[in-house]
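Working through the structure, step by step
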Amino acid sequence: MDTQSEMLAMLSRRQPNFSLERPFYTDPDFFKLDMELIWYRDWVFIGHECELPKPGSFFTAQIGDYAIMALKAEDGVIRGFHNTCRHRGSKVCTQDKGVTAKLVCPYHQWAYGLDGKLLFARQMGESFDKADYALGQIACETVEGSIFINLSERPYDFAPLREHLTPYASTHRLRDAKVAFEATIIEKGNWKLVWENNRECYHCAANHPELCRVFPESPTGSSAAGGAADQEVMDFWARCESAGIPSRYKVDPTGQFRTTRTPLVNGAVSYTADGRPGVSRFLSDNRKVEGIGALLFYHYPSTWNHYLDDHTVTFRVLPISATETAVTTKWLVHKDAVAGIDYDVDRLTHVWTETNDQDRRVVEFNAAGILSPAYRPGPYSDSYEGGVSQFVEWYASFMLSRIKGDKPHLLSSVA
Ligand code: FES
Ligand code: FE
């Protein structure tokens, strides 16, 4: 049986509210299909506008087989390009990030402008037309300071995501931010295990002592209705919204992205060891309500974000192989905040540095156990793992419809 038919059969016989069968987490051919049908077709978060402050600023990333770069051109527009030279295919940009006047390939020095056009190529003869060899452009969109690219030749409409996120994120002002610190960890587990772990806090009490001092361990933020059944959360939403701070749980009909605001615990206003602000100069302009909690936004398959009052923490998920995933965390603070004066990097990053490492550990234990032929899909907790169930429903629905060549189904229950 070919991989598509095998995956289709497994998705069709899938037991709802149970984890997936083993090949979804381990098989290189299933991984390839995930990449082709989701990662090379969906909008993928790659970084922030504030990381490209001036013309010539760029950063590179690897999305499966695709080496890509994001670049700000002279006209101030951020564009995405394939990082493969139109001569014989070398990577053009070999650094992670930087600022450059033009892009010069290290192999034979073909030079490209910031708009991707080929400017110079030595000794290519009379008939050679530079216009035929511009860098390949990639669809690129920005929303409220975050940059998304889409590797598809015919990307689907970005507008629903923009319309969804803009009202929630605008007061958090990521365009006025800078990255105070970033860290990438490699988790030895399939990208879906990273997400499944993210979408529940069933594991939090036993694994995240630092996070649990500030973030609710209850299913409120992570799970299904995002607090809609919790009177305290609904009162909190009403308080925030009456001050003009969008907060109520909202999920796209496809289940692919969701935003909700959750109150923090123990009087915390930030993710620091004592719950007090990690930055004295606040990034958000939500100055009308005390304690606006954390605005939680995810977009499958590549990002989840926690927007706080004083700073924002963003996470980028990029698969490396069937059993390895890179997770990049960025701590964004106001661009004028000064390290050592307005914030201390260790204090700012402590809670999530610990939490990320704890999550890496449990994901790796999970992945190692699933490698055993004795692994069988197991049931999710109704009360605590609604978010995991929702993620798996989204994944199964997208894969099923794309294997069959349809548009993604709207989930009947979008928890
Ligand atoms: Fe880039 Fe030759 S491969 S200049
Ligand atoms: Fe966790």
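Residues numbered from 1 in each chain as written. Chains lettered and ligands numbered in written order. Predicted model: local features only at pLDDT ≥ 70, side-chain atom pairs only at ≥ 80, totals over all residues. Heavy atoms only, no water.

1. Some thoughts on the sheet that holds strand E15 (residues 303–307)
As summarised here, the arrangement of the 7 strands in space is E11-E17-E16-E15-E14-E13-E12, forming an open sheet in which the pairing is antiparallel. Two strands close off the open sheet at either side, each with one partner strand: strand E11 (177–187) and strand E12 (250–251). (Pairing = 2+ DSSP bridges. Helix = DSSP H or I, 4+ residues; strand = E, 2+ residues; numbered from the N terminus.)

2. Section: the environment of Ser127
By the element assignment, Ser127 lies in the loop between strand E8 (118–120) and strand E9 (137–143). Here the alpha-carbon distance between Ser127 and Leu37, two residues 90 residues apart in the chain, equals 39 Å.

3. What to know about the confidence of the model for the chain
On average, residues of the chain score 94 in pLDDT, and 95% of them reach the 70 mark or higher. Low pLDDT, under 50, characterises residues 411–415; the stretch is placed with 17 contacts to residues that sit more than four places away or in other chains. (pLDDT = per-residue confidence, 0-100. Contact = heavy atoms within 4.5 Å.)

4. Comments concerning the pattern of salt bridges
Evaluation of the coordinates by the stated rule reveals 17 salt bridges. Across the pair Arg175 and Glu49 runs a salt bridge, and its minimum N-O distance is 3.3 Å. Separated by 126 residues along the polypeptide, Arg175 in the loop between helix H4 (159–169) and E11 and Glu49 in the loop between strand E1 (44–48) and strand E2 (57–63) bring together distant segments of the chain. For Glu49, a relative accessible area of 19% corresponds to the buried category. Residue Asp75 pairs with Arg79 through a salt bridge whose shortest N-O separation is 2.7 Å. (Salt bridge = Lys/Arg side-chain N within 4 Å of Asp/Glu carboxyl O. Buried < 20%, exposed > 50% of the residue type's maximum accessible area, 1.4 Å probe, protein only.)

5. Here we look at the state of the cysteines
Taken as a whole and assessed by the stated rule, the structure comprises 1 disulfide. At a sulfur-sulfur separation of 1.9 Å, the disulfide partner of Cys201 is Cys204. Handedness of the Cys201-Cys204 disulfide follows from its S-S torsion of about -95°: it is left-handed. Neither residue differs from the other here; Cys201 and Cys204 are each classed as buried. Free of any disulfide, Cys240 has its nearest neighbouring cysteine sulfur in Cys201, separated by 20 Å. By relative accessible area, which is 0% here, Cys240 ends up buried. (Disulfide = S-S within 2.5 Å.)

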